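So you can see what is in the structure, the chains are spelled out below.
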Amino acid sequence: MDHLTDGHQELSFGNDGHINTHNPLLLDDKTNHSPNPATCPVRKEDSGDKDMAPMAGNSIHRSSSRPQLDLSGAAIQGTFEERDPTILLPNQSDDISHLALDIGGSLIKLVYFSRRENQTANDERKKIIKERLGITNVNRRSYPILGGRLHFVKFETHKIHECLDFIYSKQIHHGMDLRHWQSEGPNTENTVIKATGGGAHKYADLFKERLGISIEKEDEMNCLVAGANFLLKAIRHEAFTHMEGQKEFVQIDSNDLFPYLLVNIGSGVSIIKVDGDGVFQRVSGTNVGGGTYWGLGKLLTKCKSFDELLELSQRGDNSTIDMLVGDIYGGMDYSKIGLSASTIASSFGKAISENKELEDYAPEDISLSLLRMISYNIGQISYLNALRFGLKRIFFGGFFIRGHAYTMDTISFAVQFWSKGQAQAMFLRHEGFLGAIGAFMSYEKHGLDDLMVHQFVERFPMGAPYIGGNVHGPPLGDLNEKISWMEKFVLKGTEITAPVPMSPPGTTGLGGFEVPSSKGDILRPDASKLNVGVLHLVPSLEVFPLLADPKTYEPNTIDLSDHGELEYWFTVLSEHMSDLVDKAVASEGGTDDAKRRGDAFARAFSAHLARLMEEPAAYGKLGLANLLELREECLREFHFLDVYRSIKQRENEASIAVLHDLLMELDLMNEETRLLTLIEGVLAANIFDWGSRACVDLYHKGTIIEIYRMSRNKMQRPWRVDDFDLFKERMFGSAEKKPRKYKRALLFVDNSGADIVLGMLPLARELLRRGTEVVLVANSLPALNDVTAMELPDIVAEAAKHCDILRGAAEAGGLLVDAMINIQDSPRERSVSVPLMVVENGCGSPCIDLRQVSSELAAAAKDADLVILEGMGRALHTNFNAKFKCDALKLAMVKNQRLAAKLINGNIYNCVCRFEPAT
Ligand SMILES: Nc1ncnc2c1ncn2[C@@H]1O[C@H](COP(=O)(O)OP(=O)(O)OP(=O)(O)O)[C@@H](O)[C@H]1O
Ligand SMILES: CC(C)(CO)[C@@H](O)C(=O)NCCC(=O)O
Ligand SMILES: [Mn+2]
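Where an unreviewed UniProt entry is consulted, the protein appears under the name Pantothenate kinase 2, with the organism given as Castilleja foliolosa. We quote the UniProt Pathway (unreviewed entry) comment for the protein here in full: "Cofactor biosynthesis; coenzyme A biosynthesis; CoA from (R)-pantothenate: step 1/5."

Here it is in structure tokens:
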């Protein structure tokens, strides 16, 4: 027995899983007895989709978006003695296309770009939309940049052969001919790659010899500045402060970025005053840098790796070796000048007087003493230079920092201490890659140089465990290698999945250099392995033009920085996992390969979740939308392209089968009753959400139509949030107000099946009937059972068979081009109808960040005066607090008890109908 409560209303299922109530208003019972798909139980998950007939007959031509390999001209590269020779695919166009290097004294940083596969299946719909919405500038580039990803990799400079092997086996250096975006074949003669850092000079010949490629040298300082400027302008939450163990992201206004001080802590330290793009001066530097810490530390402690040295420092006590103020002042503070007894008076100073050898000091203590010495020194020199030029902001980059909390705290503390709080130290998430990014940006002809700020979107570092960070041995190329890696990664990398206790924030005492609080934290597996996201280049993402104030807009309603909240969602997502994996595997035919991928997905997603539990801000500011997106991205990473495909088809078929009856009943009503019934219908049908645990349990208890009717029947007003009367007044007018005819409405749709077919389409139809153009806004990529923009035209075409209004409007909107075959059109009706259109929203998650929408949605928004956001993901988890320049209606059923309590002080299955007039 399952009880659904909505305020005072309660409704229960009969034991047989059938609904006891019968509402004559909607859906005559006859549908229960007909042999149509509406009576299929919802639960039939494992059927795979092979035995599912395509819903719209021959009009469905959904093609998988899995990258297609072009095998023409394939040849084995290298000698035949090699065990796993690389196979070169010279005509493979969506492969890696560009790379740039920063070869420093300690590390080689490599940034490379891989293009995204072309999604041609969507072309027809796109063409129509472009014509309709008058988008003219979509092909403003003459070269085919279709989006892609920027990847970040690093190697130790003394192991340069690993870097050469990596480039070679990934074949990144092909297709680098600057005169052509796509090189025709494996011809490296013209290949030129951009490189900066000292090694660009030192190793140029080696690159020519080993790979036959020429290095084009770019100035190191130029690149550092270009990289920093790009990141600070283009990547949200790139910069953060780090004080007493607390990381806080800073959103830099790109119009208010300059001047600033850039301190790059590599082997040595460069200090650069930056006044604009390409406008800078290297004002200082110091030879006491990262190389000093690592070099001296290695000699003094016999550590074998930088990380080992850093890890030692975390267990160290520097007071055994440093001379403190208290050591000099007999245990007292020197309070007159603001120095506490525990302040370091002289780094390593104790070693003078004690009769000890190196072996007598703990390596841990030496490492910490060294780390503090160097960090404070750099902090102090940086501060002095900031003071010299009156700069308030200091950004620190370079791999010395290595995402290490204590290092950052120490530098921050030094800056804060010396400037008395006047200057602020900030760090960059892509800390070590500034130069490499700058070199990458310096390609003039690759078209990436003029990228608009918003065109890069940082996604979760999906590939990060295996492609970010250090690379040892052969690179991981294909999916198969990724999976193997994932299997090993989780077996070995227990430190990633183990939760980490956070030390309580400490105090810093009397203004002296106390030990910052984050010392005790574990050293996370190389920060760049998990911290640096892959930057996705999406050439056509824009800010949604109808946002009232894009600057203050925050998509996430729930901030997961509250640990209890994060824990809750962690549990929810973990509990969903095995179900999801089963579905994912079934969606790919249940093969052994699919099982292996499913397993790897579960491991990868779990590792990410564990990582986030340990450090919620690891990938930038974390909201629920990000977590849900992470899951979808993880699935895609392991080539699960549409897990819910067959469920969606089944739900659509079942709903289409009863659409006609629903429309007939609606048409018998008067306008006002009909509007209410339509809104009720949207809310009721929003129950079909495979992202909600409670609902999924519910689906086992009845057919789609039974559940839909049950849900409708309990629609008792007032809803928990109920602005319906206000909306009605806007639509129909009142004694005081004139009615309003909206010109164009954007309907952000949610799930498949009843939700779209019996909820949103009838509402769209009503708007169309009233002369409002309707744009259905759907996901670009599959997420849960959300309907996608690619699927919608077929659904609309099916629905149009049952309704003249929909048919005329769909025709006018160009939606029926493929599906016209069976429809006899009447030209008269066609010409008078306002259009019904479909646009993609640019995202592939159940939530939507309106700062990153597709250009077609942005274009469609231009003439829109009504926005309807439907569903929990789009209207509650995100955008519940979003304000718009036009009227906005937010409709959702809350299918999660915790969210209901938190957001609307209500209960699960309560409904939200929030109407907000234009601000
Ligand atoms: N895995 C690592 N191996 C070696 N050094 C590391 C590692 N991780 C962090 N470091 C630190 O980072 C420093 C190198 O930083 P970075 O790569 O920014 O400089 P670089 O470009 O090699 O040097 P420079 O710019 O002075 O030529 C090292 O000297 C060391 O202190
Ligand atoms: C020599 C470079 C620029 C090489 O990256 C760097 O290591 C550095 O800035 N060193 C510090 C040299 C100095 O200014 O004292
Ligand atoms: Mn460098």
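Draft legend 1. Summary view of the sheet that holds strand β27 (residues 866-870). Strand order in the open sheet made by the 7 strands is β22-β29-β28-β27-β23-β24-β25, with mixed pairing throughout. Where the open sheet ends on each side, the last strands, each with one partner, are β22 (721-722) and β25 (836-840). Looking at chain direction, strand β28 (residues 887-893) and strand β29 (residues 911-916) are connected through 6 bridges and run antiparallel. Among the inter-strand pairings, Leu889 is bridged to a residue of β29, identified as Phe915.

Draft legend 2. Region of interest: the packing of aromatic side chains. Under the definition given, this model contains 22 aromatic pairs. Note on Tyr293 and Phe400: the rings are 5.9 Å apart at their centroids and 80° apart in plane angle, and the pair reads as edge-to-face. Of this pair, Tyr293 sits in helix α6 (residues 290-301) while Phe400 sits in the loop between β17 (393-397) and α11 (405-419), and the two are 107 residues apart along the sequence. Judged on exposure class, the residue Tyr293 and its partner Phe400 are both buried. Taking the centre distance of 6.3 Å and the plane angle of 85° together, the rings of Trp294 and Phe306 count as edge-to-face. Taken together, the residues span a long stretch of sequence, with Trp294 in helix α6 and Phe306 in helix α7 (residues 306-313) at a distance of 12 residues. Like Trp294, the residue Phe306 is buried in the burial classification. In this structure, Arg597 is placed above the aromatic ring of Phe640, and the distance from its NZ or CZ to the ring centre is 5.0 Å. Sitting above the plane of the Trp719 ring, Arg717 keeps its charged end 5.4 Å from the centroid.

Draft legend 3. Layout of the site of ligand 2. Ligand 2 sits among Glu220, Met221, Gly268, Val269, Ser270, Arg282, Gly285, Thr286 and Asn287. The backbone of Gly268 places a nitrogen or oxygen atom 3.3 Å from an oxygen atom of ligand 2. Contacts to ligand 2 include Val269, whose backbone N or O atom sits 3.2 Å from an oxygen atom. In the complex, the protein chains occlude 58% of the 390 Å² of accessible area that ligand 2 would expose alone. Elements supplying a minimum of two residues to the shell around ligand 2: α5 (220-234), β13 (269-276) and β14 (279-286). Looking at the shell around ligand 2, the element that brings in the most residues is β14, giving 3 residues. A class-by-class count of the residues in the shell around ligand 2 yields 2 nonpolar, 5 polar and 2 charged.

Draft legend 4. Here's a closer look at the pairing of β14. Examined bridge by bridge, β13 and β14 share 7 bridges and lie antiparallel to one another. Along β14, the bridge assignment pairs Lys273 with Gln281. In textbook terms, the turn of a hairpin is the stretch between consecutive antiparallel strands, and for β13 and β14 this stretch comprises 2 residues, one of which, Gly278, has a positive phi near 75°.

Thresholds applied
Residues numbered from 1 in each chain as written. Chains lettered and ligands numbered in written order. Predicted model: local features only at pLDDT ≥ 70, side-chain atom pairs only at ≥ 80, totals over all residues. Heavy atoms only, no water. UniProt positions renumbered as here; feature names shortened; annotations may be inferred. Pairing = 2+ DSSP bridges. Helix = DSSP H or I, 4+ residues; strand = E, 2+ residues; numbered from the N terminus. Phe/Tyr/Trp six-rings, centres within 6.5 Å; stacked < 30°, edge-to-face > 60°. Buried < 20%, exposed > 50% of the residue type's maximum accessible area, 1.4 Å probe, protein only. Lys NZ or Arg CZ within 6 Å of the ring centre and 35° of its normal. Near = heavy atom within 4 Å. Polar contact = N/O pair within 3.5 Å; in protein donor to acceptor, adjacent residues only side chain to side chain. Areas by Shrake-Rupley, 256 points an atom, 1.4 Å probe, with all protein chains shown as cover. Nonpolar A, V, L, I, M, F, W, Y, C, P; charged D, E, K, R; others polar.

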